[in-house]
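Each chain, letter by letter, is given below.
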Amino acid sequence: MKKLSIIKIGGNVIENKQELSTFLKLFAKLDGLKILVHGGGKLATQLATKLGIQSKMVAGRRITDAETLEVITMVYAGLANKNIVAQLQAHKCNAIGLSGADGNMIQAHKRPVTEIDYGFAGDVDDVNKNIISKLLKADLTPVFCAMTHDGEGQLLNTNADTIASEIAIAMSAFYETTLYYCFEKKGVLQNIKDEDSVISQINNRSYTKLLNEGIIVDGMIPKIDNCFYAVERGVEKVCIGHHSMLATKDGLFTTITL
Ligand SMILES: Nc1ncnc2c1ncn2[C@@H]1O[C@H](COP(=O)(O)OP(=O)(O)O)[C@@H](O)[C@H]1O
Ligand SMILES: CC(=O)N[C@@H](CCC(=O)OP(=O)(O)O)C(=O)O
């Protein structure tokens, strides 16, 4: 089986022009087949504020009403995605920018209303692995934003970490996949104030302990849940760390195992 890297880049990097540019240079140079998934939550919150729209997050997920859906479509599928694609083109990486609606690549349904109504937030049903594979075979590098669709004309907001894990799982049918979650820190930290206290490996048992001790909190919880979800469903390797881990494979980062 050929190897495929799925790399997710978070909002803190996308928001920082210098960091983003450094990352994209590095990404463009990576050997082998690759897919980029990007967030942009921070940029969306900034634009919403400028437009006088309040942003509401519950358990790391954005409550997406109709107005917010318009903002995130402009930011994720427009500004962030096209800026990334243009920069990758400048580095001679033949990137193609996509939402889940393009080529019917990621189908989802609106998250059912329980105690919380997340609005137009989507839970993934299916990833079109055949068409993604065709893009890779045509030497294109897919760049996905955090949007899916329901097949009936409705765009949906879907967390970028979830999109990355769902794509990695689907592509594992054809490729030996590695999923990298890149963010601004060197990895999952034992002490959030100590940048070098990277936990090199987390398994199910140590994860429970780290949760109980309050060492892993906030956005890191759904991120690690996505990691386990991916490893349990056939993704060969899942890592969390700074994007520099892509260049220096022996550096500090966190690997998630069962
Ligand atoms: N133990 C930990 N180690 C590192 N980061 C942690 C930890 N616990 C919580 N976090 C937080 O998780 C955040 C990453 O999650 P999130 O904001 O969702 O990232 P992204 O925007 O990359 O998807 C970090 O910015 C950090 O504040
Ligand atoms: C439903 C939901 O919460 N979607 C996310 C999608 C963007 C994202 O995941 O961005 P980061 O990776 O930068 O956090 C949001 O709107 O914030």
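Residues numbered from 1 in each chain as written. Chains lettered and ligands numbered in written order. Predicted model: local features only at pLDDT ≥ 70, side-chain atom pairs only at ≥ 80, totals over all residues.

Within an unreviewed UniProt entry, the label attached to the protein reads Acetylglutamate kinase, and the organism entered is Maribacter chungangensis. Taken from UniProt, the Pathway (unreviewed entry) comment for the protein reads in full: "Amino-acid biosynthesis; L-arginine biosynthesis; N(2)-acetyl-L-ornithine from L-glutamate: step 2/4." In its Sequence similarities (unreviewed entry) section, the UniProt record describing the protein reads: "Belongs to the acetylglutamate kinase family. ArgB subfamily." (UniProt positions renumbered as here; feature names shortened; annotations may be inferred.)

*Asks:* What is the right way to look at the overall build of the protein in this model?
*Replies:* When helices and strands are counted, the protein shows eight helices and 14 strands. A compact globule built from 258 residues should have a C-alpha radius of gyration of about 18 Å, and the protein, at 17 Å, falls within 12% of that. Principal axes of the C-alpha set define a box for the protein whose edges measure 45 × 45 × 35 Å. The burial tally for the protein puts 44% of its 258 residues in the buried class. By sequence separation, contacts in the protein at least 24 residues apart represent 72% of the contacts at least 6 residues apart. (Helix = DSSP H or I, 4+ residues; strand = E, 2+ residues; numbered from the N terminus. Rg over C-alpha atoms; globule rule 2.2 N^0.38 Å. Buried ≥ 20, exposed ≤ 12 C-beta atoms within 10 Å, placed from the backbone. Contact = placed C-beta atoms within 7 Å.)

*Asks:* Just checking my understanding: could you explain the nonpolar core for this structure?
*Replies:* Generally speaking, nonpolar side chains in soluble globular proteins are found buried as a group. The biggest cluster of nonpolar side chains holds 74 residues, and the ones touching the most others in it are I6, V37, Y76, I167 and A168. No other element matches the nine residues that helix α4 (residues 66-90) contributes to this core. With residues up to four places along the chain from it excluded, the contact list for I6 reads I35, V37, A164, I167, A168, M171, T177 and L179. (Core = buried A, V, L, I, M, F, W, Y, C linked by C-beta atoms within 7 Å.)

*Asks:* Any chance you could explain the UniProt feature "site: Transition state stabilizer" (unreviewed entry) in the protein here in plain terms?
*Replies:* Using the residue numbers shown here, the UniProt feature "site: Transition state stabilizer" (unreviewed entry) corresponds to K8 and K223. These annotated residues cover 216 residues of sequence, and their C-alpha atoms lie no more than 10.8 Å from one another, placing them together at a single site. Position of K8 among the secondary structure elements: in strand β1 (residues 3-9). Of the residues examined, K8 has 27 C-beta atoms within 10 Å and is grouped as buried. Apart from the residues within four sequence positions on either side, K8 is in contact with V37, A160, D161, A164, Y180, Y181 and C182. Along the chain, the position of K223 falls in helix α8 (residues 220-232). Not counting residues up to four positions away in its chain, the partners in contact with K223 are D161, Y181 and I240.

*Asks:* Mind showing me how you'd approach helix α6 (residues 160-171) here?
*Replies:* For an α-helix, the turn length of 3.6 residues means that residues three or four places apart are oriented alike. Over its 12 residues, α6 runs 16 Å from end to end, which matches the ideal 16 Å to within 8%, given 1.5 Å per residue. Most of α6 sits inside the fold, with 12 of its 12 residues counted as buried. Among the residues of α6, those classed as buried are A160, D161, T162, I163, A164, S165, E166, I167, A168, I169, A170 and M171. (Expected span 1.5 Å × (residues − 1).)

*Asks:* Is there a simple way to think about the site of ligand 1 in this case?
*Replies:* Taken together, 18 residues surround ligand 1, and among them G10, F183, L189, G219 and M220 come closest. Put simply, the parts of the chain that give the shell around ligand 1 at least two residues each are α1 (11-14) and α8. (Near = placed C-beta within 6 Å.)

*Asks:* Can you help me understand the packing of α6 against α8 in this one?
*Replies:* Contact pair α6 / α8: the axes reach a minimum separation of 9 Å and the direction vectors enclose 5°. Classified by the angle their axes make, α6 and α8 are roughly parallel. Note on element contacts: α8 touches α6 through P222, K223, N226, Y229 and A230, opposite D161, T162, S165, A168 and I169. Across the contact of α6 with α8, the residue classes break down as five nonpolar, three polar and two charged. (Axes fitted to C-alpha atoms, helices over the stretch in contact; angles between N-to-C directions. Parallel < 35°, antiparallel > 145°, perpendicular 65-115°, else oblique. Nonpolar A, V, L, I, M, F, W, Y, C, P; charged D, E, K, R; others polar.)

*Asks:* Before we go on, may I ask you to explain the sheet that holds β1 in this structure?
*Replies:* Strand pairing in a sheet takes place through backbone hydrogen bonds and is either antiparallel or parallel in direction. Taken together, eight strands build an open sheet; the order of strands is β5-β8-β2-β1-β11-β13-β14-β12 and the sheet is mixed. The outermost strands of the open sheet, each flanked by one partner alone, are β5 (95-98) and β12 (201-202). Note that β5 and strand β8 (residues 141-144) share four bridges and pair parallel. Its bridge partner lying in β8, G97 is registered against V143. Against the sheet, α4 engages β2 (33-38), β5 and β8, with an angle of about 175° to β5. Strands β1, β2, β8 and β11 (176-182) of the sheet are contacted by α6, whose axis makes an angle of about 175° with β1. (Pairing = 2+ DSSP bridges.)

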